[in-house]
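Chain and residue survey
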Amino acid sequence: MADTERSSGAARLLMGAAWAVLLLGLWLWGMKVTDVRHGVPAPATGDLAAAGRPAPVHLPPAARPLRGAVPQRIDIPDLGVQAPVVESGLDADGAIEAPPFDRAAVVGWYAGGAAPGAPGTALMVGHVDTETRPAVFHRLGTLRPGSTVRVVRADGHVTEFTVEDVEVLPRDHFDAHRAYGPRRPGRAELRLITCGGTFDRADRSYTANVIVSAYLTGSRL
């Protein structure tokens, strides 16, 4: 019995350490993703989300999580978004690699984390703009609770997520756990992330990140 308890304690400690390392990398990424490597100011995506909360809406119950499968496409009907999804890893600094700017219509999925529809929090990132035009998540901050996000997976499942919250988290003192941690244990959750706040011309970067939180409410083959 004592050996079992020690083994369980060690496992929990290792999981906690791994989560802490991941959060550190995500914090670094949260700081990096707001950097804009061009000089064209873009609209302050996320300002609408920060302007005030709408009246509470009735949200459906969470669906039972599925087994993991690679995501292939994301659809956001309210934004008219239908975008391919590519796998993203970590760079040399331990931060998530966003899609390159020449693939601004593509969404990156952190393949080292949960898959969309599986237990845990699946993380997806997209650019807000390019040098000449809006990018895939340009209007992400205009989503509202109750909006639908669909992810098509390699196993044929079309997973449907319901948005429960849209936040604009400032770049200064970035709260990685709030941004990426699970809101409720046992659910399949999804985070969509892009730049937000206002555009700082001096730093050529945005001041915040838009974080859309959603959870699995259904799936079909």
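Look up: the structure comes first, before these words.
These lines cover the structure that appears in this document, whether it is placed above or below. (Residues numbered from 1 in each chain as written. Predicted model: local features only at pLDDT ≥ 70, side-chain atom pairs only at ≥ 80, totals over all residues. Heavy atoms only, no water.)

Helix and strand content of the protein chain: three helices and eight strands. Ordered by position in the sequence, the α and β elements of the protein chain form the string α-α-β-β-β-β-β-β-α-β-β. Residues counted as buried form 45% of the 221 residues belonging to the protein chain. Relative to all contacts within the protein chain whose residues are 6 or more apart in sequence, the contacts with residues 24 or more apart total 68%. Surface summary for the protein chain: the accessible area is close to 11,000 Å², and the carbon and sulfur share equals 56%. (Helix = DSSP H or I, 4+ residues; strand = E, 2+ residues; numbered from the N terminus. Buried < 20%, exposed > 50% of the residue type's maximum accessible area, 1.4 Å probe, protein only. Contact = heavy atoms within 4.5 Å. Areas by Shrake-Rupley, 256 points an atom, 1.4 Å probe, with all protein chains shown as cover.)

The next thing to look at is the nonpolar core. Membership of the largest hydrophobic core comes to 28 residues, with the highest contact counts inside it found for I74, I76, M124, L140, L190 and L192. Only strand 1 (71-76), strand 2 (81-88), strand 3 (107-110), strand 4 (120-125), strand 5 (148-153), strand 6 (158-170), strand 7 (188-200) and strand 8 (205-220) provide two or more residues apiece to this core. The residues contacting L192, other than those within four sequence positions of it, are I74, I76, M124, F137, L140, V149, V210, I211 and V212. Counting residues in hydrophobic clusters, the runner-up holds nine residues, among them L169, F174, Y180 and I193. (Core = buried A, V, L, I, M, F, W, Y, C linked by side-chain atoms within 4.5 Å.)

With mixed pairing, the eight strands of this closed barrel are ordered in space as 1-2-3-4-7-8-6-5. Along the sheet, successive strands turn relative to each other by an average axial angle of 35°, direction set aside. Relative to strand 5, strand 1 is paired through four bridges, and the arrangement is antiparallel. Residue pairing across strands places R73 opposite V152, the latter belonging to strand 5. (Pairing = 2+ DSSP bridges. Axes fitted to C-alpha atoms, helices over the stretch in contact; angles between N-to-C directions.)

With that settled, consider the environment of P84. By secondary structure assignment, the location of P84 is in strand 2. Sequence separation between P84 and I74 is 10 residues; the distance between their C-alpha atoms is 6.4 Å. Here P84 is in contact with Q72, R73, A105, V106 and V107, once residues within four sequence places are set aside.

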